[in-house]
Amino acid sequence: MKIIDNINDLKNEVKSLIGPIGLVPTMGALHDGHKSLIDRAVKENDNVIVSIFVNPIQFGANEDLDKYPRTLEQDVKLCQNAGVKIVFAPKVDEMYGTDKNNLTLICPPYSAVDKLCGKSRVGHFDGVCSVVAKLFNLSKAQKAYFGQKDAQQLFIIQKMVKDLDFDIEIVPCPIVREADNLALSSRNRYLNEEERKLALNISKSLFEAKKMYEMGIKETNKIIDNSLNLMQGLEVEYIEFVDKNTFEFQQNLNDNTIMLIAAKTPISNTRLIDNINLCTNF
Ligand code: AMP
């Protein structure tokens, strides 16, 4: 496995690869959720490139860019054991040069970002799309793997690929959870024991909602009330229902509905997101 931190070396190495290339973009602090993407990519491609880059342009001014966990040594081991060919872990200046305020960006449309995470994280998805587009160009991958944990991100990337005719297949991968259903996240490391207990009520709300839907409850109000009850002690940012194909808000629930939650914990102020497909738990 090669560990590469600059763009020229990556371009040269990619030229020498034989066979299909799969890309797994990450911000590092790898866990079993990331590993599921990597394992799938290794199964489906002769060559897998994992990028590890805490992308500053997708963080807002008051967000956790500085304290975001950076565990490159462990991440590299995980990639090596999983059969990855290249870890691409560039420094910020290597990706963006020194004039970060004058970059050409890819900005998804307002209709896709004026809701859910895009509403509170203004500019976030511009940063995501821009870095992902760069990684698509650099890796020359035929397939790229993204988690359904970040459902709005996945939707926006799929839209970008379609709208801009990127020659790459986006492979959605299911959410990996702890045994007690907490969705794995690099940010879970911020949680103390008490907060972790509270955080469990996010996935609990989603799974109870799914049960309610399966029992025939189609009104969002009842489901929201139940979720708010369960999530007392957390600062709920949103509980929303969208059509999984269009990401339009839904009043009447149906088998295409995804329910999404974002909430912050009270002590470390950790922002957590999770979602569930009310019908099939995709
Ligand atoms: P991140 O490092 O948080 O930017 O995530 C990199 C990729 O891993 C994204 O496509 C995420 O959606 C995916 N991912 C993160 N957590 C999980 C999880 N618990 N299950 C599945 N995929 C995940």
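As the structure is a computational prediction, the values presented were derived from the model and not from experiment. (Residues numbered from 1 in each chain as written. Predicted model: local features only at pLDDT ≥ 70, side-chain atom pairs only at ≥ 80, totals over all residues. Heavy atoms only, no water.)

Describe empty space enclosed by the protein, listing the residues and the values that go with them.
In total, this model carries one cavity of 30 Å³ or more according to the counting rule given. Volume-wise, the largest cavity comes out at about 70 Å³. Along its surface, the largest cavity is lined by Lys-149, Asn-181, Leu-182, Ala-183, Ser-185, Asn-188, Ala-199, Ile-202, Ser-203, Leu-272, Ile-273 and Asp-274. Of all the secondary-structure elements, those providing two or more residues to the lining of the largest cavity are α9 (193-214) and β9 (271-277). Considered class by class, the residues forming the lining of the largest cavity number six nonpolar, four polar and two charged. (1 Å grid on protein atoms, 1.4 Å probe; cavity = no way out; pocket = protein on both sides within 12 Å on 5 of 7 lines; lining within 4 Å. Points joined across faces, edges and corners; volume = space filled by probe spheres on them. Helix = DSSP H or I, 4+ residues; strand = E, 2+ residues; numbered from the N terminus. Nonpolar A, V, L, I, M, F, W, Y, C, P; charged D, E, K, R; others polar.)

Outline the site of the ligand, supporting the account with residue identities and numerical values.
Around the ligand sit 17 residues in total, of which His-34, Gly-147, Asp-150, Val-176 and Leu-184 are the nearest. Met-27 places a polar main-chain atom, nitrogen or oxygen, 2.9 Å from an oxygen atom of the ligand. Between the ligand and the protein, one listed contact pairs an oxygen atom with a side-chain N or O atom of Asp-150 at 2.6 Å. Taken by itself the ligand offers 490 Å² of open surface, and the protein chains cover 92% of this. When residues of the shell around the ligand are traced back to their parent elements, those giving at least two are β2 (21-26), α2 (32-44) and β5 (143-147). At three residues, α2 tops the list of elements feeding residues into the shell around the ligand. (Near = heavy atom within 4 Å. Polar contact = N/O pair within 3.5 Å; in protein donor to acceptor, adjacent residues only side chain to side chain. Areas by Shrake-Rupley, 256 points an atom, 1.4 Å probe, with all protein chains shown as cover.)

Could you give an account of the packing of aromatic side chains, naming the residues involved and the relevant values?
Under the counting rule described, the total for this entry stands at five aromatic pairs. Taken together, a centroid distance of 5.7 Å and an interplanar angle of 75° make the contact between Phe-136 and Phe-166 edge-to-face. Remark: Phe-166 occurs in the loop between α8 (151-163) and β6 (169-173) and Phe-136 occurs in helix α7 (residues 124-139); sequence separation between them is 30 residues. Take Phe-136 and Phe-166: they sit in the same class, and that class is buried. (Phe/Tyr/Trp six-rings, centres within 6.5 Å; stacked < 30°, edge-to-face > 60°. Buried < 20%, exposed > 50% of the residue type's maximum accessible area, 1.4 Å probe, protein only.)

Which residues make up the sheet that holds β9, and what are the values?
Pairing is antiparallel across the open sheet formed by three strands, whose spatial order is β7-β8-β9. What marks the edges here is a single partner per strand, and that holds for β7 (235-243) and β9. Shown here is a sheet whose adjacent strand axes are inclined to one another by a mean of 15°, direction ignored. Direction of pairing for strand β8 (residues 257-264) relative to β9: antiparallel, over a ladder of seven bridges. Its bridge partner lying in β9, Ala-263 is registered against Leu-272. Seen against the sheet, helix α10 (residues 220-230) touches β7 and β8 and runs at an angle of roughly 150° to β7. (Pairing = 2+ DSSP bridges. Axes fitted to C-alpha atoms, helices over the stretch in contact; angles between N-to-C directions. Contact = heavy atoms within 4.5 Å.)

Lay out unusual backbone geometry with the relevant residues and their values.
Non-glycine residue Leu-116 carries a positive phi angle of around 50°. Residue position: Leu-116 is located in helix α6 (residues 116-120). Phi is positive for Lys-140, which is not a glycine, with a value near 55°. Relative to the helices and strands, Lys-140 is located in the loop between α7 and β5.

Go over the sheet that holds β2, please, and point to the residues and values.
Strands sit in the order β1-β4-β3-β2-β5-β6 across an open sheet of six strands; the sheet is parallel. Taken across any chain shown, the strands that pair with only one partner, and hence form the sheet edges, are β1 (2-4) and β6. With strand direction ignored, the average angle separating the axes of adjacent strands in the sheet is 25°. Across six bridges, β2 lies against strand β3 (residues 47-52) in parallel orientation. Bridge pairing in β3 links Val-24 to Val-50. In the packing of α2 onto the sheet, the strands contacted are β2, β3, β5 and β6, and the crossing angle to β5 comes to about 155°. This element, α7, spans β2, β3, β4 (86-88), β5 and β6 of the sheet and lies at about 150° to β2.

Fair warning: the whole summary comes from geometry, so function is off the table for now.
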